[in-house]
Amino acid sequence: MEVQFLGTGAGLPAKFRNTQSFVFNFMQELKECWMFDCGEATQHQILKTNIKPTKITKIFISHLHADHVLGLIGFLSSRSFLLDTNASKVTIYGPVGIKDFIEKNMMFTHCSLSYSVEYIEISSEQCIIDNKTVTVFSYPLAHNVECFGYKIIFKKQKGSLDADKLRELGIMPGPFYREIKESDTFEFNGKVYNSSEFLSEDKPGKEISIIPDTRYFEGLNEFVKNSNIIITECTYLLKEDAHHARKNYHLSILDVEKMIENSKVENLFLTHISARYDRNIEKDVVESLCDKCSVKIAHDLEEYTL
Ligand SMILES: [Zn+2]
Ligand SMILES: [Zn+2]
């Protein structure tokens, strides 16, 4: 799985940072890509990447501030021109009002789509996706408008088959191997075996926490506790600017430090960065946090394997 940042700035677009958006490439795991937030010019940023808009079938919106949604209409509308069937429906998750925002904009701009859109409006902490591969939860944050974080939990996968052990029984590689892996027991030569005896230990799934615009509050620690990957806003990168965070309903580097204190995070990505910072200060910021985990300050168009 990969994540690619399309916009990493806070509030206004800046010369080197577009407004918020990033896309997960889950093609291997789920055969789809998921977009989180869609700031203005997101579709222009996509043109500079290998992301295929038709593969984006789920869009998660954190809140209805302009820097997180103004790219939606353009993106959805252009996506229509890339499809000649209704094969690739889009599901949009977001706070109550997201449906109205999109539908009214579509109406005023005389825009009709060649595919269907399903809206899942969220108003609380809830499980919004649960299938055999992944579970996704929404989580209310503390911003100055209703705003949601998301947690993606990939389920553990069965271990690998011990082919040597199966050959010893006389079972040669073939389609039967898949059957053995997928069922709890199997029958061979009139005898029933437990599949688990032929499998290595389950492989743990990754857990990803996404924290868009919010003030710090204690619940965040609990929310991110078991995540090995965290993508969080960190509008104020320097400790001396931390006092702006609370009054502006955002996070500072000190808040992020507090949030990950007892977490299992291995990869931490900071995004939604104020335009006041240039790259020179980043090394010090990363170094002040990096004994805990790998820290990356995200930049537009950067792509990471997770
Ligand atoms: Zn924002
Ligand atoms: Zn906001």
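It should be emphasised that the depicted structure is a prediction, and the values quoted were computed from it without experimental measurement. Counting of residues starts from 1 at the beginning of each chain's written sequence and follows it residue by residue. Just so you know, chain letters begin at A and ligand numbers begin at 1, following the order they were written in. Local features in a predicted model are, by the rule used here, given only for residues with pLDDT of at least 70; side-chain atom pairs are given and counted only at 80 or more, and totals for whole chains, interfaces and linings are based on all residues.

K.L.:
Can you break down the UniProt feature "active site" (unreviewed entry) in the protein residue by residue, with the values?
P.N.:
UniProt positions are given in the numbering used here, feature names are shortened, and annotations may be inferred rather than shown by experiment. This chain's UniProt record puts "active site" (unreviewed entry) on Asp67. In this fold, Asp67 is placed in helix H3 (residues 66-69). A residue is called partly exposed when the number of other C-beta atoms within 10 Å of its own lies between 12 and 20, exposed at 12 or fewer, and buried at 20 or more, with C-beta atoms placed from the backbone. A tally of 22 C-beta atoms within 10 Å means that Asp67 is categorised as buried. Contacts here follow a simple rule: the backbone-placed C-beta atoms of the two residues must lie within 7 Å. Filtering out sequence-adjacent residues up to four positions away, Asp67 remains in contact with Gly11, Thr19, Gln20 and Gly39. The numbering of helices and of strands both runs from the N terminus, where a helix is a DSSP run of H or I of at least 4 residues and a strand a run of E of at least 2.

K.L.:
Please give an account of the sheet that holds strand E5 (residues 90-95) that cites residues and values.
P.N.:
Taken in spatial order, the 7 strands make up an open sheet running E6-E5-E4-E3-E2-E1-E16, and their pairing is mixed. Every other strand in the sheet has two partners, leaving strand E6 (117-122) and strand E16 (303-305) as the edge strands with one partner each. Taking the axes of each pair of neighbouring strands and ignoring which way they run, one obtains an average angle of 20 degrees across the sheet. In short, DSSP must find at least two bridges between two strands for them to pair. By the bridge criterion, 3 bridges tie strand E1 (residues 2-7) to E16 in an arrangement that is antiparallel. In the sheet register, Val3 faces E16, and the bridge partner there is Tyr304. Here an angle of 0 to 180 degrees is reported between the N-to-C directions of two axes, which are lines fitted to C-alpha atoms, with helices fitted over the stretch in contact. Running over the sheet, helix H5 (residues 98-108) touches E5 and E6 and is turned about 145 degrees from E6.

K.L.:
Residue-level account of the domain arrangement of the protein, with values.
P.N.:
Bear in mind that the domain bounds are from an automatic or database domain assignment. Domain parsing of the protein yields domain 1 (1-156 + 202-303) and domain 2 (161-196). Computed over C-alpha atoms, the centres of domain 1 and domain 2 are 43 Å apart.

K.L.:
Now, about the pairing of E5: what can you tell me, with residues and values included?
P.N.:
Relative to E5, strand E4 (residues 56-60) runs parallel, the two sharing 3 bridges. In the sheet register, Ile59 faces E5, and the bridge partner there is Ile92. Summarising the sheet, E5 and E6 pair through 6 bridges and their orientation is parallel. Among the inter-strand pairings, Pro95 is bridged to a residue of E6, identified as Ile122. Assessed by its sense of winding, the connection that carries the chain from E5 through H5 to E6 is right-handed. Consider the strands pointing away from the viewer: the crossover is right-handed when the path from the first strand over the helix to the second runs clockwise.

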